[in-house]
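# Survey of secondary and tertiary structure
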Protein chains: 2
Amino acid sequence: MKQDLDRLMTDRDLDALWITGPANHNPAMVYFTGVANITRTDLIKKRNEPPVLFHYPMEREEAARTGLRCRNLNEFKLDQILKEAQGDAVRAGAIRIARMFRELGVRGRVAVGGTVELSSAYAVMAELPSQAPDIQLVSDSADPALTRARSTKSAEEIEHIRSIGLASTAVIGETAEFLSSHASKGDFLVGRDGNPLTVGRVKAFIRTKLAQRGGESPEGLIFAPGRDAGIPHSTGIDQDPILLGTPIVFDLFPCEVGGGYFYDITRTWCLGYAPEDVELLHEQVLRAYTEAERKIRPGMPAKEVQMSVCRLFESMGHPTVQSDPQTECGYVHSLGHGVGLDVHESPYFSNAETNSDTLQSGAVFTLEPGLYYPDRKMGVRLENTLWMRPDGRVEVIAPYPLDLVLPVGRGSKTKTASIGKKASSTKRKTGRLPMRSRKKIRQSGKKVR
Amino acid sequence: MKQDLDRLMTDRDLDALWITGPANHNPAMVYFTGVANITRTDLIKKRNEPPVLFHYPMEREEAARTGLRCRNLNEFKLDQILKEAQGDAVRAGAIRIARMFRELGVRGRVAVGGTVELSSAYAVMAELPSQAPDIQLVSDSADPALTRARSTKSAEEIEHIRSIGLASTAVIGETAEFLSSHASKGDFLVGRDGNPLTVGRVKAFIRTKLAQRGGESPEGLIFAPGRDAGIPHSTGIDQDPILLGTPIVFDLFPCEVGGGYFYDITRTWCLGYAPEDVELLHEQVLRAYTEAERKIRPGMPAKEVQMSVCRLFESMGHPTVQSDPQTECGYVHSLGHGVGLDVHESPYFSNAETNSDTLQSGAVFTLEPGLYYPDRKMGVRLENTLWMRPDGRVEVIAPYPLDLVLPVGRGSKTKTASIGKKASSTKRKTGRLPMRSRKKIRQSGKKVR
């Protein structure tokens, strides 16, 4: 958490952080400023002192609203600096940064951060030693102080994540209702005009609903049927129709508008009915999800959960990244990742020997087992975002039913809430799990335990 | 244009470009890949050779769809590289990049690009010399080859910009209609429930309409009334009501979904009526816009247009960035900027002595004069995005009326198209311009000349 930052900087012998770039879609900056319409700014945080935000004059009001200590760059007389640099914008940038450090009395080891275009940033960083010889830019990347601080969340951050999480589940519900309201013709869904509903049309629906709820999806979204469901990051092809009985991986990872906190959730749906092999895959993934959720405890190494999921899938006969690191079918990725201002952040669940990330109290992360068989035109992934609460319990931040089958042709008046219920009563042909555990897993994703 | 890139690389003695980061919201990458759901990738373009895209296995299908030469990173056995680097992810990253260069036979001067988080990128760049001693990363930033290539647009790029431009003007029309459909109560607009319409509600409306039309607004949007209109980058405060007779600066700068091409357009509106001083300001800004649009020719230095606007505004009695570089009222910014995969890119219109940007044939840029008086609670900006066509003509890519006054209480059935017309017939009390020139400027923003 932010309160740990000074200690983490001391541990790493850092004298300051220098964050650069805009105050939107820039996690390192937004962590301090919140989402703000500041297009170019620099923030310097000296160890054991509050951060200072350097802004251009046009953005002074937006800067002031962050509540941070602010400095208007007009004071630095940028036109004179540019003359001094003989018109070289890169050198002028380095002179300005050097003066900002000097004014705050920063010397020594400075870690850089911020999401920016590399070409100009690299140029200024390369020039900085000539302008500020007492500053040493350090590549603080094995376990950066800021990354570490951000990997556990405050109550305020949880409320941001919950807010975009509830928007996400509402949009998933609206999408389910939208799909279910369509009639089928032959193998695919059709609109009122009799034309096939397409993946592109569904995605436009999802994006519009997200915008209505104050979310955006800067990293895209996945609505991937059939073969594309079998490749985890294939997003679905706009022109494709929505086929009945074909698994669709629907992975939604929006953030608060402007680049705030993310949520990450995946459901796999079959419209109308599920073929036996898809149903089996879904049950196996659901079992892996449920066992992982049950297993996690505060302080547990993330890798341990990943390894146990690999063992479970291997016992079911699937290749995994543990049995074959290059596999492109079976279980081909890691179990999850932290979620915050980045959709992927610490802790990571990779089974690399070197992964020492643990599930700290306060961490927010996904659990997202999946099984993929692109050549058999199927894939299933189920994902929730969870919070390791300070009281030691694990909470799914925004629950939503995990069912596979969505009924179709139910008319647009149908209430979303009933869809999950209806689907869960769909007759299952492949009862690979005993009833008792099936009942338990049906509830996962709805509970705090 | 892209076809100039090899020549530009030769001029700068560059052996290769190395672009890193995702294939969305990353202009340098999207320039080659188009918008694609590839979350982490590296692209290497050797001089006089087509670019090669290095992708993770999960994203192989999305990578293939870019049409570029692709290499699956599985071939590089990343787990072995990590072992070789003794678990140091930064060193492993540098080893991998070094091998990619070696496989393509790249040596010598390499320019970096891509919008990424600096901390890890800087770390890998700092480690690279140890792993690839024959590679020299260069800070190619005074006039980078890629920036230069991107500053003139192909016909295909123009169609992307036109598409998001037409979405923008459609959304502006819908917003005008939405505002006009509201009734007024006392000084402000109210909804059907009698509660004041707020800036936040209008922004939510705009974002939803944008999403419906395949746009997104990752850099935010400005809907700024009164005092906020007087500060160019103030975006408007969500809780504020919409007051009658108060200038609202509405600046929309969306991109194609996923981080494609941008458009940039600003209108200033008064609901119901315009006070005399706002009307005068609007006429003055409109005159500056029209004269600038009329003045520009292929090859003209951008600064020349900026300087003539400064002179015009000074002749009207306004302070400008030319008469006082630190001014925070009057004309406080430059006349425009290039628009493409970045909302702000070359050419720039700054009046800095060092600005040598010219309006090349093929360039796409904004013209956006404005006058700002925050203490008098007013500001006016008018902006279009224009294309310097290969035939020498200048084209407003997506025209929209430039009128100041929007009528209110017209009911929601009113057609958008008629609003501009109606507003332009609103009685004007301050005829500072002769009728003939007023008629001319009324048409600007609608024509190709």
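Keep in mind it's a predicted model, so treat the numbers as computed, not measured.

Taken residue by residue, the interface counts 66 residues in chain A and 66 residues in chain B. Summed over both sides, the interface between chain A and chain B buries roughly 5700 Å², with carbon and sulfur atoms accounting for 55% of that surface. Taken together, chain A and chain B are joined by four salt bridges. Two residues, Glu-61 of chain B and Arg-227 of chain A, come together in a salt bridge whose shortest N-O distance is 2.7 Å. Sorting the residues of the side of chain A that touches chain B by element identifies helix H3 (60-65), helix H4 (78-84), strand E5 (108-113), strand E6 (115-117), helix H6 (118-131), strand E7 (135-138) and helix H9 (199-212) of chain A as the ones contributing at least two each. The element contributing the most residues to the side of chain A that touches chain B is H6 of chain A, with seven residues. A per-class count over the side of chain A that touches chain B returns 25 nonpolar, 25 polar and 16 charged. As paired strands, E6 of chain A and strand E6 (residues 115-117) of chain B are joined by three bridges and run antiparallel to one another. Bridge pairing links Thr-115 of chain A to Glu-117 of chain B in E6 of chain B.

Bringing the sheet that holds E7 of chain A into the picture now. On the basis of which strands lie adjacent, the open sheet formed by six strands has the order E4-E3-E2-E1-E5-E7 (chain A) and mixed pairing. A strand with exactly one partner marks an edge of an open sheet, and here the two such strands are strand E4 (69-72) and E7 of chain A. Direction aside, the axes of adjacent strands within the sheet are offset by 25 degrees on average. Those strands touched by H6 of chain A are strand E1 (16-21), E5 and E7 of chain A, and its axis lies near 150 degrees from that of E7 of chain A. Each of E1, E5 and E7 of chain A touches helix H6 (residues 118-131) of chain B; the most contacted strand, E5 of chain A, lies at about 115 degrees to it.

Right, let's talk about the relation of the copies chain A and chain B for a bit. With an axial shift of 0.0 Å and an RMSD of 0.0 Å, the rotation relating chain A to chain B amounts to 180 degrees. Taken together, the rotation and translation relating the two chain copies correspond to the operation of a two-fold axis. A symmetric contact is evident, with 100% of the interface residues of chain A recurring at the interface of chain B.

Opposite charge on two side chains permits pairing when their charged atoms draw close. Residue and element names in this part refer to chain A. This structure, assessed with the given rule, holds 52 salt bridges over all chains. In this structure, the salt-bridge partner of Asp-6 is Lys-45, at a minimum N-O distance of 2.8 Å. Of this pair, Asp-6 sits in helix H1 (residues 5-11) while Lys-45 is found in strand E2 (residues 41-46), placing the two residues 39 residues apart along the sequence. Its relative accessible area of 24% is what places Asp-6 among the partly exposed residues. The network of salt bridges with common partners includes Glu-159, Arg-162, Arg-389, Asp-391, Arg-393 and Glu-395.

Parameters and conventions
Residues numbered from 1 in each chain as written. Chains lettered and ligands numbered in written order. Predicted model: local features only at pLDDT ≥ 70, side-chain atom pairs only at ≥ 80, totals over all residues. Heavy atoms only, no water. Contact = heavy atoms within 4.5 Å. Buried area = accessible area lost by both parts, 1.4 Å probe. Salt bridge = Lys/Arg side-chain N within 4 Å of Asp/Glu carboxyl O. Helix = DSSP H or I, 4+ residues; strand = E, 2+ residues; numbered from the N terminus. Nonpolar A, V, L, I, M, F, W, Y, C, P; charged D, E, K, R; others polar. Pairing = 2+ DSSP bridges. Axes fitted to C-alpha atoms, helices over the stretch in contact; angles between N-to-C directions. Least-squares fit on C-alpha atoms with pLDDT ≥ 70 in both. Buried < 20%, exposed > 50% of the residue type's maximum accessible area, 1.4 Å probe, protein only.

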